[in-house]
2 protein chains.
Amino acid sequence: MKTFFQPASIAVIGASPRENSLGGQLVVNLLYGYKGRIYPVNPNYDEILGLTTYPDIEAIPGPVELAIIIVPAPAVPETIEACGRKGVRRIIIESAGFAETGAVGRALQERCLAVARAHGIRVWGPNCMGVVDVPQKLFFTFMHPNIYKDGLISGRISMVVQSGMLSAGFLADLMSERAVGIAKACSIGNKMDIDESDVLEYLLADDETDAIALYLESIIRGRKFLELAGRARKPIVLLKGGKSSAGAKAALSHTSSLAGNARLQDSLLSLAGVTIAQDFQQMMEIARTLAMVGHTPARARTAILTFSGGAGIMSCDMLEQQGLAVANLSENTRRALAEVFPDWLPPANPVDMFPAFSLKGPVAAYERAFDIVVKDPQVDVIFLHFFVGLYPNYERLRRFREAADREGKVVILWAIGRREALFAFRREAQEASIPVYSELTRAAESLAHAAGYTQKDKTTRLIQTRRPRLSAGALQVLAECTDRVWDEFDGKRLLKACGVPTVEETIVQSAAAAQAAARKTGYPVVLKGLVPGKVHKTEAGLVITGIASAGRLKEAFTELAARMKGKGRILLQRQMPADYELIAGVLKDAQFGPCVMFGIGGIFSELIKDVTFAPAPLSQTIARKLIRRISGQKLLMGFRGAKALDMKKMADILVALGDLAAACPEIEQIDVNPFIVHQGIPVAVDAAVIVGGE
Amino acid sequence: MKTFFQPASIAVIGASPRENSLGGQLVVNLLYGYKGRIYPVNPNYDEILGLTTYPDIEAIPGPVELAIIIVPAPAVPETIEACGRKGVRRIIIESAGFAETGAVGRALQERCLAVARAHGIRVWGPNCMGVVDVPQKLFFTFMHPNIYKDGLISGRISMVVQSGMLSAGFLADLMSERAVGIAKACSIGNKMDIDESDVLEYLLADDETDAIALYLESIIRGRKFLELAGRARKPIVLLKGGKSSAGAKAALSHTSSLAGNARLQDSLLSLAGVTIAQDFQQMMEIARTLAMVGHTPARARTAILTFSGGAGIMSCDMLEQQGLAVANLSENTRRALAEVFPDWLPPANPVDMFPAFSLKGPVAAYERAFDIVVKDPQVDVIFLHFFVGLYPNYERLRRFREAADREGKVVILWAIGRREALFAFRREAQEASIPVYSELTRAAESLAHAAGYTQKDKTTRLIQTRRPRLSAGALQVLAECTDRVWDEFDGKRLLKACGVPTVEETIVQSAAAAQAAARKTGYPVVLKGLVPGKVHKTEAGLVITGIASAGRLKEAFTELAARMKGKGRILLQRQMPADYELIAGVLKDAQFGPCVMFGIGGIFSELIKDVTFAPAPLSQTIARKLIRRISGQKLLMGFRGAKALDMKKMADILVALGDLAAACPEIEQIDVNPFIVHQGIPVAVDAAVIVGGE
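Residues numbered from 1 in each chain as written. Chains lettered and ligands numbered in written order. Predicted model: local features only at pLDDT ≥ 70, side-chain atom pairs only at ≥ 80, totals over all residues. Heavy atoms only, no water.

Engineer: I'd like a rundown of the pattern of salt bridges, residues and numbers included.
Structural biologist: In total, this model carries 86 salt bridges over all chains according to the counting rule given. Among the salt bridges present, the one from Lys 492 of chain A reaches Glu 505 of chain A, with a minimum N-O distance of 2.7 Å. One end of the pair, Lys 492 of chain A, is in helix 20 (residues 488-497); the other, Glu 505 of chain A, is in strand 20 (residues 505-508), and 13 residues separate them in sequence. Between Glu 668 of chain B and Arg 484 of chain B there is a salt bridge, with its nearest N and O atoms 3.3 Å apart. With Glu 668 of chain B in strand 27 (residues 667-678) and Arg 484 of chain B in the loop between helix 19 (472-480) and helix 20 (488-497), the pair connects residues that are 184 residues apart, well separated along the chain. Take Glu 668 of chain B: its relative accessible area is 28%, and that puts it in the partly exposed class. Relative accessible area serves as the criterion here: at 34%, Arg 484 of chain B is assigned to the partly exposed category. (Salt bridge = Lys/Arg side-chain N within 4 Å of Asp/Glu carboxyl O. Helix = DSSP H or I, 4+ residues; strand = E, 2+ residues; numbered from the N terminus. Buried < 20%, exposed > 50% of the residue type's maximum accessible area, 1.4 Å probe, protein only.)

Engineer: A description of unusual backbone geometry should follow, citing residues and the corresponding values.
Structural biologist: For residues other than glycine, phi is negative in most cases, and the peptide bonds are mostly trans. Residues and elements named next belong to chain B. A cis amide bond links Asn 349 to the next residue, Pro 350, at an omega of 0°. As for its position among the elements, Pro 350 is in the loop between helix 13 (331-340) and strand 16 (351-352). Cis geometry marks the peptide bond from Ala 616 to Pro 617; its omega dihedral reads -5°. The phi dihedral of Ala 300 is positive, around 45°, even though this residue is not glycine.

Engineer: So what's going on with the packing of helix 13 (residues 331-340) of chain A against helix 15 (residues 362-373) of chain A? Residues and values would help.
Structural biologist: All names here are of chain A. Interaxial distance between helix 13 and helix 15 falls to 9 Å at its minimum, and their mutual angle equals 170°. Considering the angle they form, helix 13 stands roughly antiparallel to helix 15. Of helix 15, the residues touching helix 13 (which contributes Thr 333, Ala 336, Leu 337, Glu 339 and Val 340) are Ala 365, Arg 368, Ala 369, Ile 372 and Val 373. Partitioned by chemical class, the residues of the contact of helix 13 with helix 15 number seven nonpolar, one polar and two charged. (Axes fitted to C-alpha atoms, helices over the stretch in contact; angles between N-to-C directions. Parallel < 35°, antiparallel > 145°, perpendicular 65-115°, else oblique. Contact = heavy atoms within 4.5 Å. Nonpolar A, V, L, I, M, F, W, Y, C, P; charged D, E, K, R; others polar.)

Engineer: Describe in detail the pairing of strand 25 (residues 593-600) of chain B, supporting the description with residues and values.
Structural biologist: All names here are of chain B. Among the eight residues of strand 25, eight are classified as buried, and the element is accordingly described as predominantly covered. Sheet topology note: the strand 24 (residues 580-589)/strand 25 ladder contains eight bridges and is antiparallel. Looking at the pairing, Val 586 lines up with Val 596 of strand 25. Hairpin remark: strand 24 followed by strand 25, antiparallel, with three residues in the connecting loop. (Pairing = 2+ DSSP bridges.)

Engineer: I'd like to hear about the sheet that holds strand 2 (residues 37-41) of chain B, residue by residue, with values.
Structural biologist: All names here are of chain B. Ordered by their spatial adjacency, five strands build an open sheet running 2-1-5-6-7, and the pairing between neighbours is parallel. Edge strands, defined here as strands with exactly one partner in the open sheet, are strand 2 and strand 7 (122-124). Taking the axes of each pair of neighbouring strands and ignoring which way they run, one obtains an average angle of 20° across the sheet. Of the strand pairs in this sheet, strand 1 (residues 9-13) and strand 2 are connected by five bridges, and their pairing is parallel. The residue of strand 2 that forms the bridge with Ile 10 is Ile 38.

Engineer: Please give an account of the relation of the copies chain A and chain B that cites residues and values.
Structural biologist: Once turned by 180° and shifted 0.0 Å along the axis, chain A lies on chain B with an RMSD of 0.2 Å. These values place the two chain copies in the arrangement generated by a two-fold rotation axis. Most of the interface of chain A is mirrored in chain B, where 96% of its interface residues are also at the interface. (Least-squares fit on C-alpha atoms with pLDDT ≥ 70 in both.)

Engineer: Give a detailed account of the sheet that holds strand 22 (residues 543-547) of chain A, specifying residues and quantitative values.
Structural biologist: Residue and element names in this part refer to chain A. Sheet architecture is open: four strands sit in the order 20-23-21-22, paired in antiparallel fashion. Each of the sheet's edge strands pairs with one partner strand only, and the pair in question is strand 20 and strand 22. On average, each strand axis in the sheet is inclined to that of its neighbour by 20°, with strand direction left out of account. Both strand 21 (residues 525-530) and strand 22 contribute to a ladder of three bridges, which runs antiparallel. Considered in strand 22, the bridge of Lys 528 is made with Val 543.

Engineer: A description of the environment of Ala 11 of chain A should follow, citing residues and the corresponding values.
Structural biologist: Residue and element names in this part refer to chain A. Here Ala 11 lies in strand 1 (residues 9-13). By relative accessible area, which is 0% here, Ala 11 ends up buried. The spatial distance from the C-alpha of Ala 11 to the C-alpha of Ile 91 is 9.4 Å, given a sequence separation of 80 residues. Discounting residues that sit within four places of it in the chain, Ala 11 has contacts with Tyr 39, Val 41, Ile 57, Ile 60, Val 64, Leu 66, Ala 67 and Ile 68.

Engineer: With reference to specific residues and values, describe the interface of chain A and chain B.
Structural biologist: Between chain A and chain B, the residue contacts involve 89 residues of the former and 88 residues of the latter. Here chain A and chain B share an interface that buries about 7,300 Å² over both sides, 60% of which is from carbon and sulfur atoms. Between the two partners, chain A and chain B, sit eight salt bridges. Scanning the region where chain A abuts chain B turns up 24 residue pairs in polar contact (both at pLDDT 80 or more). Residue contributions to the side of chain A that touches chain B peak at ten residues, all from helix 12 (residues 309-321) of chain A. Across the side of chain A that touches chain B, the residue classes break down as 37 nonpolar, 29 polar and 23 charged. (Buried area = accessible area lost by both parts, 1.4 Å probe. Polar contact = N/O pair within 3.5 Å; in protein donor to acceptor, adjacent residues only side chain to side chain.)

Engineer: Tell me about the packing of aromatic side chains, and name the residues and values.
Structural biologist: Residue and element names in this part refer to chain A. Inspection of every chain in the model, using the stated rule, returns 34 aromatic pairs over all chains. For the ring pair Phe 307 and Phe 387, a centre distance of 5.8 Å and an interplane angle of 55° mean the geometry is tilted. Residue Phe 307 is found in the loop between strand 15 (302-306) and helix 12, and its partner Phe 387 is found in strand 17 (residues 381-388); the two are separated by 80 residues along the sequence. Assigned by exposure class, Phe 307 and Phe 387 land together as buried. (Phe/Tyr/Trp six-rings, centres within 6.5 Å; stacked < 30°, edge-to-face > 60°.)

Engineer: Quick one: what's the story with the side chain of Thr 333 of chain B, residue by residue and with numbers?
Structural biologist: Residues and elements named next belong to chain B. Looking at the element boundaries, Thr 333 is found in helix 13. Exposure remark for Thr 333: the relative accessible area of 3% places this residue in the buried category. Here the side chain of Thr 333 touches Ser 330 through a polar contact of 3.0 Å, side chain to side chain. Ignoring anything within four residues of it in the chain, the contact list for Thr 333 reads Ile 372, Val 373 and Asp 376.

Engineer: Lay out helix 2 (residues 22-33) of chain B in plain terms, naming residues and giving numbers.
Structural biologist: Taking 1.5 Å of rise per residue, the twelve residues of helix 2 of chain B would be expected to cover 16 Å, and the 18 Å separating its terminal C-alpha atoms lies within 8% of that figure. For helix 2 of chain B, the complete set of buried residues consists of Gly 23, Gly 24, Gln 25, Leu 26, Val 27, Val 28, Asn 29, Leu 30 and Gly 33 of chain B. (Expected span 1.5 Å × (residues − 1).)

Engineer: Talk me through the packing of helix 19 (residues 472-480) of chain A against helix 20 of chain A; I want residue IDs and the actual numbers.
Structural biologist: Helix-helix packing is characterised by the crossing angle of the two axes and by the distance between the axes. Residues and elements named next belong to chain A. Here helix 19 crosses helix 20 at 160°, and the two axes come no closer than 8 Å. Taken together, the axes of helix 19 and helix 20 lie roughly antiparallel to each other. For the pair helix 19 and helix 20, the crossing hand works out as left-handed. Contacts between helix 19 and helix 20 involve Gly 473, Ala 474, Val 477, Leu 478 and Glu 480 from the first element and Asp 490, Arg 493, Leu 494 and Ala 497 from the second. The residue makeup of the contact of helix 19 with helix 20, split by class, is five nonpolar, one polar and three charged. (Left-handed = near helix turned anticlockwise from the far one by under 90°.)

Below, the structure is given as structure tokens:
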């Protein structure tokens, strides 16, 4: 990968002397900061922008480490071929017109890949804007030079963007409008060979990168990405495009990516410690926060120094909404602050600085108050609010940062104000490495992500390498059942064979047999009609619950049998007392492989969609993590005097499901909904097993 | 109110010749654009900034319509007194040091109010920044002149801000950094007399205001505000500060804990058609959208013209997330677009414009594509994405607006790019009256609010004037029960007397009596121990469910009696089959009076907190609206083959509860949790009544 970022020599195939063409801009951009050898390739010119130009790549006298291709798509395969002959082993294809355009382009892309593979060439792109390294002033891209004309702002966030135009637009906006500093920007396009995992792996080891922000429309090697993310020691922030049905359609035709199930992906990625963003700029603000803010305790007890009582109040609301704490200032701090304030306003948190301006002037007031608050042992974070452009500027931001560092505290900024002063202020904050926000919500949200990232468990292995276990009994049931969609009874036989607790039940052939069975289990009982192809039994009227007597049982049996019209079989179950219901299951994902799901079940499962996923097989540790990740923790922890969920038992069940999923490639889905929980014990009451069909 | 905005003459009491003092800035600001007579008042000067200055207000020769007071707080009462003698009837007190500082300041404020009332004077403030009228260049405020030095941007949004400094900072930021245009900015401070409802009423009738944005920390006259909002024909966007838990009292009932501080208010206000914002800038972006965007169909079928495939995909995701639709372009549109595009990229929505740039250039490409898409009958909204500052500017925004107006369509913009060009572009968009966003999430969210506002029902009366009805039976129960917290049995007696369907139940004195009662109701049954003071019976182990036989009933009775240790009484209920559970209740709110709550009940009620509120008494229409406003509509509409909720019955219940709340001032809270719903019929199974105690 290093050659893509630091090649000793670059050939530009499709270079042009016209400065506003893509091939011209490529050369202009290379000349801007690249120190290695540049070889323009174009059969029509001897010289381009003062550089000796070659008719083809093989005519170049010295070795070429990297070739950037910007010729029309149809000419690309032969160009790669020529690169191969020349001995070039790294290529960036920036031309468009490949898989993103449909079947013909896809075939062309396949051909390119085949040629590259034959020569042992690694390819970046096509349909991309290549590589930018802001601190080194390297622009291996055809993007417009105006992007960096307003001035580069170096930083320690690297970004990976699947979309080409976006990466360019983004860079301009981030640096010139928002004063966000960037390390490397990687536009990876169609990812025909080099993909996000390759680039992520490189950036995780890159000394100039403190945090990585990715905009992706697909993740090609899901498990590889999870593994990298899981053991990453740098924050990773991800924005995933194509989550909606409409967006997924667009993704299909854009960078030819298939969008997976968003909930599954988000859940797996956040289990791996990836921070999930919702929008472009928000992604960068979170990444910047994670890059700049060090260790933050989970509750991030925050002291607010503000010029406006209203902004102080809103900050409290937002911190609390994010699960963070408004610091309770210590007695010493209050006493010390009292000096800075007029008598009529006793200091409290938020500290309203405005009354103190008149005594010491704004700069002195802020600095004095900061010095007092930063030493308070009950404060983890100092949140400064500045109004920029009216009063003398608060230029000495580095001073705040240094004082905070000395005390092991975090400092963040919210600034509004007059345009020019504000921009200068933001640049200064960037240089002082203090995150600055223009919206309070973003500040609170980013701080919460920083606190969350601090808690990231970097030791637990997410991807297990052990062989999944499967009992002989389970293998037997799998051999016996040959349908694509199993009925509930067979599904639970399989679960039982795997050690999953299931409800007491039996197939009954007659009303009399049902009565005999009910005498054993005890009333009340449930009758279910298992009809092939009817998965949603309740909706089809095939479930009769609350049967409390032998007489009612006989009636119910007759009713149900009539509804079934001779098809399928009838199942009698003990009716379980329920405190609440859970759901668990397994699912095969194209990118991430077999996964286990866990969440809130019953009628609310589809309403609240509180479910989490982990890659199968699972360790006990990951299984417990999975259980602790659902939002409805209150329910599990012993709600309204009920017993808490037996964690060991539930985790064992999830481990068993994971082994089943990992060991049996033929299993496509298992759905256990509900697990009825009573007195903390989960029991599988319904199950659907779907095995891979033709 | 008009005098506060358009006085013929203004006295500035506390005027100063020092231009950087508050009293000096006031005079500077008035001189900037105010055309009426200005009378500085200060005993130490004969002239201030060229204006004749008077030693006191009574020395002014002519009449004074408005006095602005900026003298130290302790001198304010006598200053008001003097104003009264002079015949001034409108005063803005901009001085601080009143109720916001504690008990002494509060007493001072009370004294001011008493003096003002005695003279029939209406007072604005204190502790505020007064009134700004941007189009008229009126600055009745001490804010720093730098605020408007960068250039004023007139618009048609008026804002009301409770916090002083914030209103100033806000104005500077909105106009100079964000290019958001403003009509009037009203800083109302401590609201000792004039409050948000007064100002709202004025702005609703103001010709220069198309939308109103409010930042409030309290709403003094809740019902008045609701009434104004309910019949308003202009959009109102509200940001409420002080939602966090600080003042939340230990909740006795589910209703009060679910109401929280903010949930009740937000729910009532949004029922009245108020749009609830989460942050300052977001509030203004929503308000601007509502002011600029006309009628939008509910799903706002949106066509996206973008320079970046990635931004197009994200836009789809976000529109869908907001419940809006990505337009399905008609065949004609696709065919016409094909001309603008190179052959290799078939046009679809989102329309990726980048490939078309090379054929016609960006400006022509956008204009041509816009003209085609705006005529598509399957498109309601055109969402343009611009990258500003690289290619020739898209200067003719007015053209887009006019074309959209001609077709009755909406046009919105997302723009990123290079700083200077971007700001110029935003100003231009403001002038063309097209909302421009720098974040896609904000665009989608604002559009959703616009669609929501279009659907606002401006005809239904929210505040009922009819007298609430109460049956003789209900009065009788109320007379009989004297405890502060009633037991469940009495609670349901009251409900029953009001016509609310309740579960079949009876108080039983012995196991034998229980068995006799169960024979009547039929098994299974439930036993509950009603012990004074124990509201949470389940948690206290006082509920035994699923009693299916006479034998078990005897056991259960004995068990329960033992647990109760001779206190309270035992209730036997028929155990109701449940499809799901609802909650309803009534609550008295200090600002909004008696309110009715409705929502999802049972164990999930506290987890998902899906509840809504309306002011009591309710009409049938409002009751139905209340039911339709909870998020879990799927559940009510016949989930998994169950029968849909009987709307008439549920609405009748809510009307009855509302009448009860409105008619009985002594009732503090009623909590009916759960209403068990089976086959669409709701039945009250548990109830708690709390009457106002000492």
